[in-house]
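A closer look at the structure
Okay, here's what each chain looks like letter by letter:
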Amino acid sequence: MDCLIAFILLYSEGVNVKQWLIDRFTWPKSKKPILVGLFLVTMPVVFAAIGHRLLVGQFPVIEQMPFSGHVFGYFLMNLFLVVFEDISWRAFLLPRVIFLQPRFTSIVTIGFLWGAWHIPFHLNLNLIAPDQMMTQILYYTCVFLIYYVVWALSEGSIIPLIITHAFYNTLGHFTVENILFLEGYSDGWSFYYFQTIALGIFACVAAMYLKHSKKNFHLD
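In this report, we go over the structure that sits alongside the text. (Residues numbered from 1 in each chain as written. Predicted model: local features only at pLDDT ≥ 70, side-chain atom pairs only at ≥ 80, totals over all residues. Heavy atoms only, no water.)

It is worth spelling out the pattern of salt bridges at this point. For the structure shown, the criterion picks out two salt bridges. Across the pair E13 and R96 runs a salt bridge, and its minimum N-O distance is 3.1 Å. Residue E13 is located in the loop between α1 (2–12) and α2 (17–24), and its partner R96 is located in helix α4 (residues 68–100); the two are separated by 83 residues in the primary sequence. Classification of E13 as partly exposed rests on a relative accessible area of 43%. Of the charged contacts in the structure, one is a salt bridge between R90 and D86, with a shortest N-O distance of 2.6 Å. One end of the pair is R90 and the other is D86, both in helix α4 and four residues apart, which spans about a single turn. (Salt bridge = Lys/Arg side-chain N within 4 Å of Asp/Glu carboxyl O. Helix = DSSP H or I, 4+ residues; strand = E, 2+ residues; numbered from the N terminus. Buried < 20%, exposed > 50% of the residue type's maximum accessible area, 1.4 Å probe, protein only.)

See below:
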């Protein structure tokens, strides 16, 4: 629905949607966005595992390692699914908001709204309890900052972001989501909180770098 709304608004602006999509799905010249993206979404998981080890006394337990084909298939499925979300929330909405309100708080606000957008889905699937909603929104806000950094480095392309997004969803599915439901094996919430803290730290440092280097979005 959000992607459909984005396309309707593009048409209303008089944008050549076909060319707009071609521009967004053109590989950037630099490999930096994808490398930075994969680093930024991998390190918080590593940080969380180390934090879990220091707090609980052991690394978090994953009950069963999945077949590699299952992992790859899940990644491919996510490559398709995240496209629609990245088109609407990143490729369409984010550069326009930054153009109108070029402040870091604008990015954080969109991240907060993006997190709130996910809450009904998580509640419906019993992935979180009602008292965990604000924690989950904070988590998604931090993730949004990571995606902002990747998008800002990508010269208008959405491909590095899609790969980063799909990779992170896959990584999260086979680590944090697995760990959270292993009661008695791991302290899943400590892993989750450490990961959220690391996401916020890495995202803010990267965003400060972008601000210092004066990288920004363009609405071409």
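Having put the structure on the table, let's press on.
We now examine the packing of aromatic side chains. Counted according to the given criterion, the structure contains 11 aromatic pairs. Judged by centre distance (5.7 Å) and plane angle (55°), the rings of W114 and F144 are tilted. On the criterion of sequence distance, the pair formed by W114 in helix α5 (residues 104–124) and F144 in helix α6 (residues 133–153) is long-range, its members being 30 residues apart. In terms of burial, W114 and F144 fall into one category: buried. With centroids separated by 5.9 Å and ring planes inclined at 70°, the aromatic side chains of W114 and Y147 adopt a geometry described as edge-to-face. Pair noted here: W114 is in helix α5 and Y147 is in helix α6, with a separation of 33 residues, a long-range link. Judged by relative accessible area, W114 falls into the buried class, the value being 1%. (Phe/Tyr/Trp six-rings, centres within 6.5 Å; stacked < 30°, edge-to-face > 60°.)

Moving on to the packing of α4 against α5. Relative orientation of the contacting elements α4 and α5 amounts to 150°, with a least axis distance of 10 Å. In terms of orientation, α4 lies roughly antiparallel with respect to α5. Two packed elements cross with a definite hand, and for α4 against α5 that hand is right-handed. Residue-level inspection shows E85, W89, R90, L93, L94, V97 and I98 of α4 in contact with α5, the latter providing S106, I107, I110, L113, W114, W117 and H118. Along the lines of polarity and charge, the residues of the contact of α4 with α5 split into 10 nonpolar, two polar and two charged. (Axes fitted to C-alpha atoms, helices over the stretch in contact; angles between N-to-C directions. Parallel < 35°, antiparallel > 145°, perpendicular 65-115°, else oblique. Left-handed = near helix turned anticlockwise from the far one by under 90°. Contact = heavy atoms within 4.5 Å. Nonpolar A, V, L, I, M, F, W, Y, C, P; charged D, E, K, R; others polar.)

One finds L94 and Y148 to be the most contacted residues of the largest nonpolar core, which totals 51 residues. Per-element accounting of this core gives the leading share, 14 residues, to α6. (Core = buried A, V, L, I, M, F, W, Y, C linked by side-chain atoms within 4.5 Å.)

All right, on to the layout of surface pockets then. Taken as a whole, the largest pocket spans an internal volume of roughly 930 Å³. Taken together, 32 residues make up the lining of the largest pocket; nearest its centre are H118, F121, H122, Y140 and N169. Secondary structure elements with two or more residues in the lining of the largest pocket: α4, α5, α6, α7 (159–174), α8 (176–180) and α9 (188–212). Considering every element that reaches the lining of the largest pocket, the biggest residue donor is α4, with seven residues. Its residues assigned to classes, the lining of the largest pocket shows 21 nonpolar, eight polar and three charged. (1 Å grid on protein atoms, 1.4 Å probe; cavity = no way out; pocket = protein on both sides within 12 Å on 5 of 7 lines; lining within 4 Å. Points joined across faces, edges and corners; volume = space filled by probe spheres on them.)

Let's shift gears to a nonpolar patch on the surface. Taken together, M1, L4, I5, I8 and L9 make up a surface patch of nonpolar side chains, about 500 Å² in accessible area. Within the element layout of this structure, M1 appears in the segment before α1. (Patch = residues over 30% accessible without salt bridge, like charges linked within 9 Å, V, L, I, M, F, W, Y side chains within 5 Å. Areas by Shrake-Rupley, 256 points an atom, 1.4 Å probe, with all protein chains shown as cover.)

Moving on: the side chain of D2. Note that D2 resides in helix α1. The contact partners of D2, leaving out residues within four places of it in the chain, are E85, S88, W89 and W117.

This paragraph deals with helix α3 (residues 32–56). Taking 1.5 Å as the rise per residue, α3 with 25 residues should run 36 Å; its terminal C-alpha atoms sit 36 Å apart, in good agreement. Within α3 the residues assigned to the buried category are P33, I34, G37, L40, V41, P44, V45, A48, A49, G51 and H52. Positive backbone phi, at 100°, marks G57, one or two positions downstream of α3. (Expected span 1.5 Å × (residues − 1).)

The next thing to look at is the environment of A49. Of note, A49 is situated in helix α3. Residue class for A49 comes out buried when judged on its relative accessible area of 17%. Considering only alpha carbons, one finds A49 and F191, 142 residues apart in sequence, at a separation of 6.5 Å. Ignoring sequence-local partners within four residues, the contact set of A49 consists of F59, P60 and F191.

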